[in-house]
Amino acid sequence: MCRGRVSLTVLPRTHCCARMNPNREARPLSQQQRDWPELESQLYLKTFRRIPLTIVRGEGTRVWDEQGRAYLDFVAGWAVNALGHCHPVLVEAIERQARTLIHTSNQFYTVPQLELAELLVKHSCLDRVFFCNSGVEAAEGAVKLARRYGKLHLDGAYEVITVSDSFHGRTLAMTAATAQQKYQQLYTPLPPGFVNVEWNDPKAIRDATGENTCAVMLEPVQGEAGVRIPDAGYLPAVRRWCDEKGILLILDEVQTGIGRTGTLFRYEEAGVEPDILVLAKGLASGVPIGAFLAKERASAFQPGDHGSTFGGNPLACAAAFAVVSYIIEHDIPGHVRRVGVRFLRLLNDIVRDLPIAREARGCGLLLALVLNKDVAEDVTLQCLHHGLLINRVRPNTVRFMPPLITTDGDVDEAVAILRTVLASV
Ligand SMILES: Cc1ncc(COP(=O)(O)O)c(C=O)c1O
C-alpha cells in the first residue's frame, strides 16, 4: 500500500533486526509496569543518584507514581516547572505549534522566536537575545560573547572571574567556571580562562582582575550552593568595579530568572543591571530552552560567530512565549513574593521549634532549610514516604523550589509533612 510517495512496505524481519543484540528480549511496545530502577541500572550511564520514585504523570503542583500515589512536588524538575505540571496554557501552546511548525533552521526567520525575543527584551534591561537549549549552553554562550567583546574592545582579554561554590553547568568550560573542586577534579585538565575567587567578597574580584579579564560571572543567588544570598552591597560593588574597569558583568539567572525569587529577574531586586543575562529552567516551564541576553554595547557577535541547530526553534519558543506571557500577565512574581514570604516564616517557625533545624533562608520560592546534622538525604527520603518531594542540595541542607503557582494550602501541607519528618530524625 502506498500513501502519496511514501512506501509503507514492511521490511523483512532479518533486515529490521539486523542491528539488534540477539541475546536481548524484544521490548514491549506499551508502557506496562516493569522494574524501571532495575532497567535504569542496566542501561543508563551511572550519573544520577536517583530517588526511588518513577513519576508517570503530573498536574499542577502534584505528580503521580505508577501505583497512582500522589506527591506534592516541591522540586519542580529542579526549579523548571514554573507553571506546574501540564499547565493548560503551555499544553495548548505546544499542541498548536506542533500542528503548525515544529522546527526549521536558523537560516530562516520564524515568528515564535522573534515574538519571544521581543517579549524578553521588552520586559528586561537587555537589548538582544540568543536562544539555545539548556542552562549550561546559555552560560557558555554568554562567556563566548564576553570573549568576543574582549577580543574586539579589551585588547584580546579572555579571562572570566567566577566565585566559590558557584554552579554554571556541566560542559568542560562551565565546569572550569563552576568553582567547586568536586566537579572540577574529575575532568582535569580543564579549559583555561577562568579565575575562581571567594564568594561575596568584592575585594577578591578586584584583586583577581588583570589585563586579561573580560568579565565577571555570578549567580545573584547561589542555588546549588544551598540557596545563598550575598550581602546587599555585593552586586552593586561588583557592578561599579566592572564599570570602572570596562569589563562585563554576566549574571547567571538560570535558576533565579523568570519569577522564581519574586521579581521577573533577580537583578531587579539586587539593584544592578547585568551586561549579559543567562536564562533557562523556568523559561518554558519544562520544554528545554536556554537564552542569553545582552546590552547593545556587549552584543559583540558577528554573523557566523555562534550558532545552534535546535536553539530557538518554533516549538520551544512558542512554549516559552506562552509561559512568560502568562507569568507577566498574571503577576506570578507578586504571587511568588507573597507565598514565599509566608513559606519562609513557617520555615523560621520550624527553626524556632525544632532543635534539628538551624537556619531558613532564601527568597521567593527558592528556599532552603539548613539542618544541624548531615541528615538531608534521610529527610528527603522520609518526606518522599509522606508524599512530599524536596531536594537534598547539601548533606545538611534541603531545598524547596516548587512551581511558581504553589498556593498557601500547598505550603501548609508541605510544612506539616516537614515538621513530622524533622521531629523524628
Ligand atoms: C545557576 C545555574 N547555571 C547553570 C545551570 C545549568 O543548567 P542546565 O542543567 O540546564 O544545563 C544551572 C543548573 O542547575 C544553574 O542552577
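Please refer to the structure placed before this passage.
Residues numbered from 1 in each chain as written. Predicted model: local features only at pLDDT ≥ 70, side-chain atom pairs only at ≥ 80, totals over all residues. Heavy atoms only, no water.

Quick word on the site of the ligand
Looking at the ligand, the residues that line it are Ser134, Gly135, Val136, Phe167, His168, Gly169, Glu219, Glu224, Asp252, Val254, Gln255 and Lys281. In this structure, Phe167 approaches the ligand through a main-chain N or O atom, which is 3.3 Å from a nitrogen atom. Notes on the ligand: free accessible area 390 Å², of which the protein chains cover 81%. Looking at side-chain class alone, the shell around the ligand contains three nonpolar, five polar and four charged residues. (Near = heavy atom within 4 Å. Polar contact = N/O pair within 3.5 Å; in protein donor to acceptor, adjacent residues only side chain to side chain. Areas by Shrake-Rupley, 256 points an atom, 1.4 Å probe, with all protein chains shown as cover. Nonpolar A, V, L, I, M, F, W, Y, C, P; charged D, E, K, R; others polar.)

Remarks on the sheet that holds strand E16 (residues 391-394)
Ordered by their spatial adjacency, four strands build an open sheet running E13-E14-E17-E16, and the pairing between neighbours is antiparallel. Looking at strand neighbours, the two that pair on one side only are strand E13 (357-363) and E16, the edges of this open sheet. Looking at each pair of strands side by side, their axes are set apart by 30 degrees on average, direction ignored. Two elements, E13 and strand E14 (residues 366-371), share six bridges in a ladder whose sense is antiparallel. By the bridge assignment for E14, Ala357 is matched with Leu371. Helix H14 (residues 376-385) contacts E14, E16 and strand E17 (397-400) of the sheet and is inclined by roughly 170 degrees relative to E16. (Pairing = 2+ DSSP bridges. Helix = DSSP H or I, 4+ residues; strand = E, 2+ residues; numbered from the N terminus. Axes fitted to C-alpha atoms, helices over the stretch in contact; angles between N-to-C directions. Contact = heavy atoms within 4.5 Å.)

Observations concerning the side chain of Thr162
With respect to the helices and strands, the residue Thr162 is situated in strand E7 (residues 159-163). We classify Thr162 as buried; its relative accessible area is 0%. Within the structure, the side chain of Thr162 is placed 2.7 Å from the backbone oxygen of Ala177, a separation counted as a polar contact. Within the local environment of Thr162, its side chain forms a polar contact with the side chain of Asn196, the two groups lying 2.7 Å apart. If near-sequence neighbours (up to four positions away) are discounted, Thr162 is found in contact with His168, Ala177, Ala179, Val195, Asn196, Val197 and Met217. (Buried < 20%, exposed > 50% of the residue type's maximum accessible area, 1.4 Å probe, protein only.)

Looking at the sheet that holds strand E12 (residues 290-294)
What the seven strands build is an open sheet, ordered E6-E12-E11-E10-E9-E7-E8; its pairing is mixed. Edge positions in the open sheet fall to strand E6 (128-132) and strand E8 (194-197), since each of these has one partner strand only. Taking the axes of each pair of neighbouring strands and ignoring which way they run, one obtains an average angle of 20 degrees across the sheet. Of the strand pairs in this sheet, strand E10 (residues 248-252) and strand E11 (residues 276-279) are connected by three bridges, and their pairing is parallel. Within E11, the position partnered with Leu251 by the bridge is Leu277. Where helix H5 (residues 111-122) meets the sheet, it contacts E6 and E12, and its direction lies at approximately 130 degrees from that of E6.

Notes on a nonpolar patch on the surface
Together, Tyr44, Leu45, Phe48 and Trp78 give the surface a local cluster of nonpolar side chains, amounting to about 490 Å² of exposed area. Within the fold, Phe48 resides in the loop between helix H2 (36-43) and strand E3 (55-59). Classification of Phe48 by relative accessible area gives partly exposed; the value is 43%. (Patch = residues over 30% accessible without salt bridge, like charges linked within 9 Å, V, L, I, M, F, W, Y side chains within 5 Å. Salt bridge = Lys/Arg side-chain N within 4 Å of Asp/Glu carboxyl O.)

Quick look at the pattern of salt bridges
Applying the stated criterion across every chain yields a total of 22 salt bridges. In this structure, Arg352 and Asp353 form a salt bridge, with 2.9 Å as the shortest nitrogen-oxygen distance. Exposure remark for Arg352: the relative accessible area of 61% places this residue in the exposed category. Using a relative accessible area of 36% as the deciding quantity, one classes Asp353 as partly exposed. The partner of Glu359 in a salt bridge is Arg361, and the shortest N-O contact between them spans 3.3 Å.

Side note on unusual backbone geometry
With an omega of 0 degrees, the peptide bond between Thr188 and Pro189 qualifies as cis. Within the secondary structure, Pro189 is located in the loop between helix H8 (181-184) and E8. Its identity is not glycine, yet Asp165 carries a phi of approximately 65 degrees, on the positive side. In this structure, Asn200 is a non-glycine residue whose phi angle is positive, near 65 degrees. Within the element layout of this structure, Asn200 appears in the loop between E8 and helix H9 (202-208).

A word on the packing of helix H4 (residues 88-100) against helix H12 (residues 314-329)
Two elements in contact, H4 and H12, have axes whose closest approach is 9 Å; the angle formed by their N-to-C orientations is 150 degrees. With respect to H12, the axis of H4 lies roughly antiparallel. The hand of the H4/H12 crossing is right-handed. Every residue of H12 that contacts H4 at Val89, Leu90, Ala93, Ile94, Gln97 and Ala98 is listed here: Pro314, Leu315, Ala318, Ala319, Ala322, Val323 and Tyr326. Taken together, the residues of the contact of H4 with H12 sort by class into twelve nonpolar, one polar and no charged. (Parallel < 35°, antiparallel > 145°, perpendicular 65-115°, else oblique. Left-handed = near helix turned anticlockwise from the far one by under 90°.)

Regarding the nonpolar core
Residues Ile205, Leu218, Ile276, Leu369, Val379, Phe400 and Leu418 are the most contacted members of the largest nonpolar core, which totals 113 residues. In this view, Phe400 contacts Phe74, Phe343, Leu347, Leu365, Leu366, Leu367, Ala368, Leu369, Ile390 and Leu418; residues no more than four positions away in its chain are not counted. The next biggest cluster of nonpolar side chains, apart from the first, holds 13 residues, and it includes Val63, Tyr71, Ala368 and Leu389. (Core = buried A, V, L, I, M, F, W, Y, C linked by side-chain atoms within 4.5 Å.)

Considerations on the packing of aromatic side chains
Under the counting rule described, the total for this entry stands at seven aromatic pairs. With a centroid separation of 6.2 Å and 80 degrees between ring planes, the pair formed by Phe292 and Phe301 is classed as edge-to-face. Here the aromatic cluster, defined as three or more aromatic residues joined through ring pairs, consists of Phe74, Phe343 and Phe400. The ring of Tyr44 is capped by Arg50, whose NZ or CZ atom sits 4.8 Å from the centre of that ring. (Phe/Tyr/Trp six-rings, centres within 6.5 Å; stacked < 30°, edge-to-face > 60°. Lys NZ or Arg CZ within 6 Å of the ring centre and 35° of its normal.)

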